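Descriptive analysis of the structure
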Amino acid sequence: MSHLRDVARGQECQVRCPGICSFNSEQTILAHFRMDCGVGMKPLDLCGAWACAPCHAALDGQIKTAFTRDQLDLMHLQGMYRTIVALHKQGKLK
(Lines give C-alpha, C1' and ligand atoms only; values in the text may rest on other atoms or scores of the structure.)
Protein backbone atom coordinates (compact mmCIF):
# COMPACT_ATOMS: atom_id res chain seq x y z
CA MET A 1 0.00 0.00 0.00
CA SER A 2 1.27 3.44 -0.83
CA HIS A 3 2.42 5.90 1.78
CA LEU A 4 -0.37 8.37 0.95
CA ARG A 5 -3.04 5.68 1.34
CA ASP A 6 -1.54 4.71 4.70
CA VAL A 7 -1.57 8.34 5.86
CA ALA A 8 -5.33 8.60 5.19
CA ARG A 9 -6.14 6.34 8.13
CA GLY A 10 -7.36 8.38 11.08
CA GLN A 11 -7.55 11.66 9.16
CA GLU A 12 -10.59 13.94 9.02
CA CYS A 13 -12.82 13.53 5.95
CA GLN A 14 -12.01 16.28 3.47
CA VAL A 15 -14.87 15.61 1.04
CA ARG A 16 -17.61 16.54 3.54
CA CYS A 17 -20.71 15.78 1.46
CA PRO A 18 -23.57 17.66 3.17
CA GLY A 19 -26.02 15.28 4.84
CA ILE A 20 -23.84 12.26 4.02
CA CYS A 21 -20.50 12.75 5.79
CA SER A 22 -20.14 10.77 9.01
CA PHE A 23 -17.11 12.80 10.18
CA ASN A 24 -15.79 9.45 11.47
CA SER A 25 -12.01 9.55 11.06
CA GLU A 26 -11.79 5.83 11.87
CA GLN A 27 -13.35 5.13 8.46
CA THR A 28 -11.23 7.52 6.39
CA ILE A 29 -9.59 6.20 3.25
CA LEU A 30 -8.03 7.78 0.17
CA ALA A 31 -10.75 8.20 -2.48
CA HIS A 32 -9.15 8.44 -5.92
CA PHE A 33 -10.54 10.96 -8.40
CA ARG A 34 -11.19 9.03 -11.58
CA MET A 35 -10.68 11.07 -14.70
CA ASP A 36 -9.29 9.52 -17.85
CA CYS A 37 -8.97 6.14 -16.11
CA GLY A 38 -10.18 2.83 -17.42
CA VAL A 39 -11.88 0.05 -15.50
CA GLY A 40 -9.57 -1.47 -12.90
CA MET A 41 -7.09 1.39 -13.22
CA LYS A 42 -6.44 3.79 -10.36
CA PRO A 43 -4.97 7.24 -10.79
CA LEU A 44 -1.95 8.43 -8.85
CA ASP A 45 -2.50 8.56 -5.09
CA LEU A 46 -1.85 12.31 -5.21
CA CYS A 47 -5.16 12.52 -7.12
CA GLY A 48 -7.23 11.48 -4.15
CA ALA A 49 -9.09 12.93 -1.20
CA TRP A 50 -9.45 11.70 2.37
CA ALA A 51 -13.04 10.50 2.56
CA CYS A 52 -15.11 8.79 5.24
CA ALA A 53 -16.92 5.61 4.18
CA PRO A 54 -20.29 7.30 3.43
CA CYS A 55 -18.68 10.09 1.38
CA HIS A 56 -16.59 7.53 -0.52
CA ALA A 57 -19.71 5.47 -1.24
CA ALA A 58 -21.49 8.59 -2.55
CA LEU A 59 -18.54 9.49 -4.79
CA ASP A 60 -18.39 5.95 -6.18
CA GLY A 61 -22.15 5.83 -6.79
CA GLN A 62 -22.67 3.00 -4.31
CA ILE A 63 -25.38 5.02 -2.57
CA LYS A 64 -27.99 7.27 -4.15
CA THR A 65 -27.82 10.95 -3.31
CA ALA A 66 -29.66 14.10 -4.37
CA PHE A 67 -26.38 15.42 -5.78
CA THR A 68 -25.58 15.48 -9.48
CA ARG A 69 -22.39 13.88 -10.77
CA ASP A 70 -20.97 17.37 -11.32
CA GLN A 71 -21.72 18.34 -7.72
CA LEU A 72 -20.09 15.17 -6.41
CA ASP A 73 -17.06 15.73 -8.64
CA LEU A 74 -16.74 19.29 -7.32
CA MET A 75 -16.90 18.08 -3.69
CA HIS A 76 -14.30 15.43 -4.53
CA LEU A 77 -11.97 17.99 -6.15
CA GLN A 78 -12.40 20.37 -3.21
CA GLY A 79 -11.60 17.48 -0.87
CA MET A 80 -8.56 16.63 -2.96
CA TYR A 81 -7.34 20.22 -2.65
CA ARG A 82 -7.86 20.20 1.14
CA THR A 83 -6.10 16.82 1.37
CA ILE A 84 -3.05 18.08 -0.56
CA VAL A 85 -2.86 21.17 1.67
CA ALA A 86 -3.13 18.99 4.82
CA LEU A 87 -0.43 16.62 3.52
CA HIS A 88 1.85 19.59 2.87
CA LYS A 89 1.22 21.02 6.36
CA GLN A 90 2.02 17.61 7.87
CA GLY A 91 5.30 17.51 5.95
CA LYS A 92 4.22 14.53 3.85
CA LEU A 93 4.54 16.51 0.59
CA LYS A 94 7.24 18.96 -0.36
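Residues numbered from 1 in each chain as written. Predicted model: local features only at pLDDT ≥ 70, side-chain atom pairs only at ≥ 80, totals over all residues. Heavy atoms only, no water.

A short note on the pattern of salt bridges
Spelled out, the test is: A pairing counts as a salt bridge when a side-chain nitrogen of Lys or Arg comes within 4 Å of a carboxyl oxygen of Asp or Glu. Summary of the burial criterion: residues with accessible area below 20% of their type's maximum are buried, those above 50% are exposed, and those between are partly exposed, where the area comes from a 1.4 Å probe applied to protein chains only. A run of H or I in DSSP becomes a helix once it reaches four residues, and a run of E becomes a strand once it reaches two; helices and strands are each numbered from the N terminus.
Within this structure, the stated rule accounts for four salt bridges. One salt bridge connects Asp6 with Arg9, and the closest N-O pair in it is separated by 3.0 Å. Taking relative accessible area as the criterion, Arg9 reaches 56% and is therefore assigned exposed. A salt bridge links Arg69 to Asp73; its shortest N-O distance comes to 3.2 Å. Separated by four residues within a single helix, Arg69 and Asp73 lie in helix H3 (residues 69-89), roughly one turn from each other.

Describing the environment of Asp60
Along the chain, Asp60 turns up in the loop between helix H2 (53-59) and H3. Given the relative accessible area of 40%, Asp60 is considered partly exposed. For the pair formed by Asp60 and His32, sequence separation is 28 residues and the distance between their alpha carbons is 9.6 Å.

Here we look at the state of the cysteines
Heads up, the condition is: When two cysteine sulfur atoms are found within 2.5 Å, that pair is recorded as a disulfide.
Counted by the stated rule, this structure contains zero disulfides. Of the cysteine sulfurs around Cys17, a residue in no disulfide, the closest is that of Cys55, at 4.0 Å.

Topic: the confidence of the model for the protein chain
Test applied: On a scale of 0 to 100, pLDDT captures the predictor's confidence in every residue.
Overall, the predicted model of the protein chain reaches an average pLDDT of 91, with 93% of residues at or above 70. Within the protein chain, the lowest mean pLDDT, 88, falls on helix H1 (residues 3-8), and the highest, 97, falls on H2.

Examining the pairing of strand S2 (residues 48-51)
The condition is simple: By the convention used here, strands pair only if DSSP detects at least 2 bridges between them.
Burial of the side chains of S2 extends over both faces: Gly48 and Trp50 are buried on one face and Ala49 and Ala51 on the other. Sheet topology places strand S1 (residues 29-32) next to S2; four bridges connect them, and they run antiparallel. Across the sheet, the residue bridging to Leu30 is Trp50, located in S2.

With respect to H3
Operational definition: What a helix should span is 1.5 Å times the count of its residues minus one. Directions from the helix axis toward the C-beta atoms define the arc. Residue contacts follow a heavy-atom distance rule, with two residues in contact if any of their heavy atoms lie within 4.5 Å.
For H3, built from 21 residues, the straight-helix expectation of 30 Å at 1.5 Å per residue is met to within 8% by its first-to-last C-alpha distance of 30 Å. Along H3, the residues classified as buried are Leu72, Met75, His76, Gly79, Met80, Thr83, Ala86 and Leu87. Summarising the axial view, the buried residues of H3 lie within an arc of 145 degrees, below the 170-degree limit, and thus occupy one face. Across H3 from its buried face, at more than 90 degrees, point the exposed residues Asp70, Tyr81, His88 and Lys89. Taken together, the buried residues of H3 touch H1, S1, S2 and H2. In the stretch just after H3, Gly91 is the one whose phi turns positive, near 80 degrees.

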